[in-house]
Amino acid sequence: MSANNNPLIVIDGVPMDQEADNAPGLSSVNPNDIESFVILKDASATAIYGSRASAGVILITTKTGHRNAPLRADFSTWVSVGTRENQVSVLDADQFTAAIQSQGIENSIALLGENDTDWQDEIYRTAIGTDNNLTVTQGFDNSSFRASVGYTYQEGIVKTDDFTRKSGSLNYRHNLFNDTFKINFNIRGTVSDKNNADEGARGNSLTMDPTQPVYSGTTQYGGFWEWLDADGTPNAQSPKNPLGLLEQNNSVESIQRYIGNVKLDYDFPVEGLKANLNLGFDYGQTDGYWDVPATSASGFDDLGTTGTWNNLRRSTLADFYVNYLHEFEKPHKIDIMVGYSYQDFYRENATYQISGQGAIRETEFATTNSLLSYFTRLNYAYDNRYLVTFTYRRDGSSRFSPDNRWGNFFSGAVAWSIADEAFLRDSETISTLKLRIGYGETGQQEIGSDFGYLPVYTPGQNNVRYQFGNRFINTLRPEGYDSEIKWEESATSNIGIDYGFLNDRITGSLEYYIRKTTDVLSTVSPPAGSNLSNSLFTNIGDLENSGFEFSVNADIFQTDNFVWNVNFNATYLQNEITRLNAVEDPESPGLAVGGIRGGVGNTIQTQQVGQAQFSYLVYKQVYDSDGNPLQGVYEDLNGDGQWTDLDKRIYKNPNPDYLLGLSSYMNYKNWDFNFVFRASLGNYTYNNIASSEGNSTSLFFNGTNRNIHDSYLDTGFGEVQLWSDYYIQDASFLKMDNAVLGYNFNNLKEGEVIFRIYGSVQNAFVITDYDGLDPEISGGIDNNFYPRPRTFLLGFNVNF
Amino acid sequence: MLNKKIKFSLGIITLMLTLLLGSCEDVLDKEPITELTSEQAFENEESYEQFMAKIYGGLAINGQDLDDADIQGIDGHFSNYVRLYYNLQELSTEEAIIAWNDGTIHDLHNQVWTPANEFIAAMYYRIYFQIGLVNQFLRETTEDKLDGRGVDDALKAKIAEFRAEARFMRALSYWHGIDFFGAIPFVTEDDVVGNFFPEQKSRTEVFTFIESELKDIEPLLMAPRSNELGRADKGAAWMLLAKIYINAEVYTGTARYADAMTYINNVISGGYALGPKYNYLFLADNESNGSQNESIFSVRFDGINITGWGGTTYITHAAVGGTMDPNIFGIDGGWGGLRTTSTFVEKFEADLTGLNDGLGALSDWGLVGSATTNGWDGPDMEMYETSTDNYALYATLVAGEIKFRFDEDWGNNYGSDNNDGNLQPGGANIPIPADGVYFITMNLGNLTYTLSPFSGDTREMFHIDGQSLEIENPFDFSNGYAITKWRNVDVNGNRGVDGSGTFCDIDFPVFRLADAYLMYAEVFLRGGGGDAGTATGYINMIRERAYGNAGGNINPGALSLEFIMAERSRELYWESHRRTDLIRFNQFSENGVWPWKGGVIQGTTTAKTRDLYPIPSADIIANPNLTQNPGY
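Residues numbered from 1 in each chain as written. Chains lettered and ligands numbered in written order. Predicted model: local features only at pLDDT ≥ 70, side-chain atom pairs only at ≥ 80, totals over all residues. Heavy atoms only, no water.

Colleague: Is there a simple way to explain the overall build of chain A in this structure?
Modeller: Along chain A, the regular secondary structure elements total 8 helices and 41 strands. Radius of gyration (C-alpha) of chain A: 30 Å, near the 28 Å computed for a compact globule of 800 residues. With the principal axes as the frame, chain A shows a C-alpha extent of 95 × 70 × 70 Å. Taking all 800 residues of chain A together, the buried fraction comes to 51%. At a minimum sequence separation of 6, the contacts of chain A that also span at least 24 residues come to 69%. In the form shown here, chain A has an accessible surface area of approximately 34,200 Å², with 54% of it arising from carbon and sulfur atoms. Side chains of chain A carry 56 positive and 99 negative charges; the gap between the two charge centres is 8 Å. (Helix = DSSP H or I, 4+ residues; strand = E, 2+ residues; numbered from the N terminus. Rg over C-alpha atoms; globule rule 2.2 N^0.38 Å. Buried < 20%, exposed > 50% of the residue type's maximum accessible area, 1.4 Å probe, protein only. Contact = heavy atoms within 4.5 Å. Areas by Shrake-Rupley, 256 points an atom, 1.4 Å probe, with all protein chains shown as cover. Lys, Arg positive; Asp, Glu negative; His and termini not counted. Charge placed at Lys NZ, Arg CZ, Asp CG, Glu CD.)

If you want it as structure tokens, here you go:
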């Protein structure tokens, strides 16, 4: 429901553009270049990052050179093999033949073939990848540098999907004026070439008739078997051969991303006073080309089509702050910071396509927005045992009207390091004990339109004009707008305890947080006639999220030869919609969301007051005495003798109740072994493929046969039953995310050379009751999900 | 030293802060780049016309490019105005049934729809999108706004015309609104754009508004047929007034047939003329093949410039399937959706008995021969005496031969030696070339005869090969006769301008002259004025165009409301009039039965409350001022 649920990624002080869909900032950083990766969730800590940090902040610092360090190089490489670990269960050729025959439609039975094709097998493959990276660092008296280049090639498990990426980065530091003036310069660039597999192939692999062959034996339509009409031309309505789509259609893009910043740090002659200026930029460009050949079945009517697309994103950042740190009459320590930040964004995209028939379609769009903030923070510490922080931020966004443009956000935190108190200071049993209480406010403005408050007009393209007499006239459309739109504000309170036992052999934390969001930004249908569109981005209501988090990190073994460290964390989450502005009646079913396939305009979820976000709104299925669902028979919950929408009720939601993680690091002499487990409990998924394709009406449609989901064998549904709760399944899962086994050659060349070889498996296994493709689907609707591969990796690093 | 350092430091800081903060606050004043603000948009004088193009185009297209949608929440092309209007007006009647499985579309024909029906909701939001466009246009073209922009008098005059036409378009959509939904939210240009709760006005109140709007703009609109094709004129306004008046009893409880007659007469004398052939009205070149003379108001389409998968592209493609050859229809391939029920097919059964009864008294002269029912042995097919020495007969014959004879006796018989229309006593057999219905006349005064194939009603356009008449399975396109009325080819059979056959050129007639003729006859029968002779004359003009000859003409005695109800179906089927007509004749819900009405194969009656579509549940939730229609 909230406008943006992605954490803000800050790389070397430059916040990434969260809307960038080409090479999202995180993937532009080579993992080998990461010095530290810190996740900030604490309200007070994120508050300093302002509006885009509502969902937390990930702070990444890349490695820099060290001063006076010898020239060192690091080379790492790996190769990987990825395989599909699951597939959607549709009928096989025998089951399909039986189902068609039992339908008894002559025209349909006549079309049955004699092959046994597994279409999903035909389109997936084993994916190979490799990554290579070379880094060189050296440090001098007053400067250092770190440079790296990398090359990656990765295939996707769908045939014809792959990308190649070349990257380079440079970090240069220089100190002047006796170390009082520090310059830190970073630049990173990647150039990628991507081949995209045709988007329709995966869906078609589910509906293509398994009794038909992959190839037709002729040279028509690329040699692929296709559904044809009586005159030998491709049937316009039936699915096209998925392998044909992959191999005949092309879509290629070249993506460039450059991110850089210059950070200047100046230590004033006054002790403790520093100034920091950070100037950054982020530039990304995508140029794509696609074509559908005239010789293919899908290009037949248009005589082929070719098209291009181009995107450009550019953002610039200027951050300036002054920091004063003073210790007076030890143990008082005070730290004041005042500053401001300005970030400006520009985005444009354009598409063009032309068919063999000469039909042209083109679009173009460009927009811009900016953010300006002033902030101040005060930190006070007494003897490092008592810490108080206070922050004030004033944020302005170009996305709101001048009346609503500015938001004021306060936050504060206190921390008490109990373990540093006299009575615990020397305790080894309780080595760390810190109590933290915090409160933070942030604002949110990541919304769909940059000018949602202004009435604007959109011109129409040439293929959607209107005609007066003999003249074609391009149209002009006024867009819906909400002049009152304003900041979404979140207030988070949290209380936590950080603990450490046995000299910090065991550490961890326990935390409770509650986040109340008001004026949530989301899309609603405004009352008909009140606006110019039936869909409006506006402030719609209030939301509450809360949870408990527990984590423990233990060094189970710490001997010379054997080290074993385990980290476990568990989170309990709750969310609830506390108010919807547009809906005054608490009994109402709420706002429909969650579009699904299997018809047009259907939704499966709702936002209702008092319920979790995106709760499913479905009928209660009635079963017979053998436990089989009865088609179209639902519980008549309002007792009116009919099955209507009023009998739908809220049943489960896609949000997990518990998230658990376990990671282990083991080191025995030169060997190391790590693994990570992750579990999610209480999240439910709606299997939309089963619900829309698991019925016999889908078998014969518009003159051709189509495959269906094998849930049909259990349900026997003749017609689509999209809203039966039969399709809402518990998707709790336990996954082993990765496991790594490595060996270090430590004493090569008198310790000058470090060589490590390792093997790992990613996405090793999943334990779940969910019978769809993957239980971890964002939003909860399993529709056209790209399967996650299981990847085996072998690599080595050498540092010299 | 310290002081100096502090001063120096503060100096640097102040410098940095002012440099960087100086002009800062206005960096947040951004302007859109490809979209246009109101000021930017109307700097261009052509934008007024472009805005009008969107108002008219709102009926034809779906968004600002092919993938863009004006209405959210339903696939862009399913929310096309003409497509939705067709679905709501035709699928709920005996005239059309669809094979597809999209969401709740079957609920329309089965008349079991609920307030959550996405097609009904999309139509509702489409109507309000149109109304919103017009309201915004009117707000942007007030005298003050135009003066503020420095608009000159010539442009002002043009804009005044636009304003009148925009109000017509708003009245049209409000008419659709009350016809479908009854009491509805009401907004005009005097309301603001925001997120408020519009008032719900009753059907009568909105009816009165439509009436007053149309009367206000009537003098401001151009004379009939004098405006650019595609734009509204006086004729369109008169026709819309006639429509609301003829349905006034349904909308307000008070009949206004006399008022309807006034405007129907205005339309009929507006200079329109029936198009040359019925099927020409629904071809790709119907804006130039003569059909344009009959059109009072149409929605225009073009396969290259006015494209989308709604409108006539939808109706044409969806109606083609089974063994139909898409090339004949000028399209790439059919979508196998729309066909019709047996109830509609039966309306075309040539009622030969009735026609013959209308000829005159039965005589002793008859037809005999291998082409006749009983062959050469008799009994003969007796002819009717239309006047002294003149005889006629509608007869179903097979390929063969005939002769005329008196009283079943070869003693007095006539044939034709030269097959030339002249009779000779005892002449040669007259050949009948093919099976069919013929209209045969005989004149014994000058010994001539005529033999003409009774082509019947050319409005009967069914494709029956591979189709069954009755519908066992509504989801199977081959159940139910297909209809070949809409074709994306010109009068010579050439495909429309889109070579790929994806998008159609056929303009969609919203109002046409034949409709006005039928309305005249109906209003006359309902006591609104006029006379039987004129009414019959108009009906016969329609039927002569349909039959190609006077073979289908009727006598004033045949005029009845039942006849009109059936004739409206024969003339205007699949043009989105049927539901409104059936409701006016009280045959839509609690009376009238056709296959699959009510969701049962033979059809059943449904609750009277079905005469109104429900207000979508999304708006009932969003607007607490609204009361749902009864029965939902």
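Colleague: Got a minute to help me understand the interface of chain B and chain A in this structure?
Modeller: For interface size, the figure often reported is the accessible area lost on association. Counting from both sides, the interface comprises 102 residues of chain B and, opposite them, 90 residues of chain A. Taken over both partners, the interface formed by chain B and chain A buries close to 8,300 Å², and the fraction arising from carbon and sulfur atoms is 62%. Contact with chain A buries surface across chain B, with L28, K30 and Q64 of chain B losing the most and accounting together for 10% of the total. The interface formed by chain B and chain A includes 7 salt bridges. Salt-bridge contacts for K30 of chain B lead to D344 of chain A; the nearest nitrogen and oxygen are separated by 2.7 Å. The interface formed by chain B and chain A contains 29 residue pairs in polar contact (both at pLDDT 80 or more). For the side of chain B that touches chain A, the secondary-structure elements that each account for two or more residues are helix 1 (2–21), strand 1 (36–37), helix 2 (38–43), helix 3 (47–57), helix 6 (118–140), strand 5 (295–299) and helix 20 (617–622) of chain B. Taken together, the residues of the side of chain B that touches chain A break down into 51 nonpolar, 29 polar and 22 charged. Bridging between strand 18 (residues 456–459) of chain A and strand 1 of chain B involves 2 bridges; their strand directions are antiparallel. Bridge pairing in strand 1 of chain B links V456 of chain A to T37 of chain B. (Buried area = accessible area lost by both parts, 1.4 Å probe. Salt bridge = Lys/Arg side-chain N within 4 Å of Asp/Glu carboxyl O. Polar contact = N/O pair within 3.5 Å; in protein donor to acceptor, adjacent residues only side chain to side chain. Nonpolar A, V, L, I, M, F, W, Y, C, P; charged D, E, K, R; others polar. Pairing = 2+ DSSP bridges.)

Colleague: Sorry, what's going on with the packing of aromatic side chains here?
Modeller: One pair of aromatic rings is described through two measures. These are the centre distance and the angle between the planes. Applying the stated criterion across every chain yields a total of 78 aromatic pairs over all chains. Ring geometry for Y124 of chain B and Y125 of chain B: centres 5.5 Å apart, planes at 85°, overall edge-to-face. Like Y125 of chain B, Y124 of chain B is buried. Geometry around F733 of chain A places K735 of chain A over its ring, the cationic atom sitting 5.3 Å from the centre. The positively charged end of R83 of chain B is found above the aromatic ring belonging to F78 of chain B, 4.4 Å away from the centroid. (Phe/Tyr/Trp six-rings, centres within 6.5 Å; stacked < 30°, edge-to-face > 60°. Lys NZ or Arg CZ within 6 Å of the ring centre and 35° of its normal.)

Colleague: For this particular structure, what's the right way to read the pairing of strand 15 (residues 386–397) of chain A?
Modeller: Along any regular strand the residues' side chains alternate between the sheet's two faces. All names here are of chain A. Two strands pair when backbone bridges link them, and strand 14 (residues 360–382) and strand 15 are joined in this way by 12 bridges, in the antiparallel orientation. Bridge assignment links T376 to a residue of strand 15, and that residue is Y392. Here strand 14 hands over to strand 15 after 3 residues, with D383 in that stretch at a positive phi of 55°. Examined bridge by bridge, strand 15 and strand 16 (residues 406–417) share 11 bridges and lie antiparallel to one another. Looking at strand 16, one finds that L387 is bridged to A415.

Colleague: Would you mind showing me how to read the pattern of salt bridges here?
Modeller: Any two side chains of opposite charge can pair, so long as their charged atoms come close to each other. Residue and element names in this part refer to chain B. Per the counting criterion, the structure on display carries 72 salt bridges over all chains. A salt bridge links E94 to R578; its shortest N-O distance comes to 3.0 Å. Taken as a pair, E94 in the loop between helix 4 (81–91) and strand 2 (97–98) and R578 in helix 19 (residues 578–584) lie far apart in primary sequence, 484 residues in all. Between R170 and E213 there is a salt bridge; the shortest N-O distance is 3.0 Å. Highlighted residues: R170 in helix 8 (residues 153–181) and E213 in helix 9 (residues 203–217), separated in sequence by 43 residues. For the pair R170 and E213, one class covers both residues: buried. If you follow the salt bridges from partner to partner, you end up with E294, D457, R459, K485, R512, R543, R545, E567, R570, E571 and E575 in one network.

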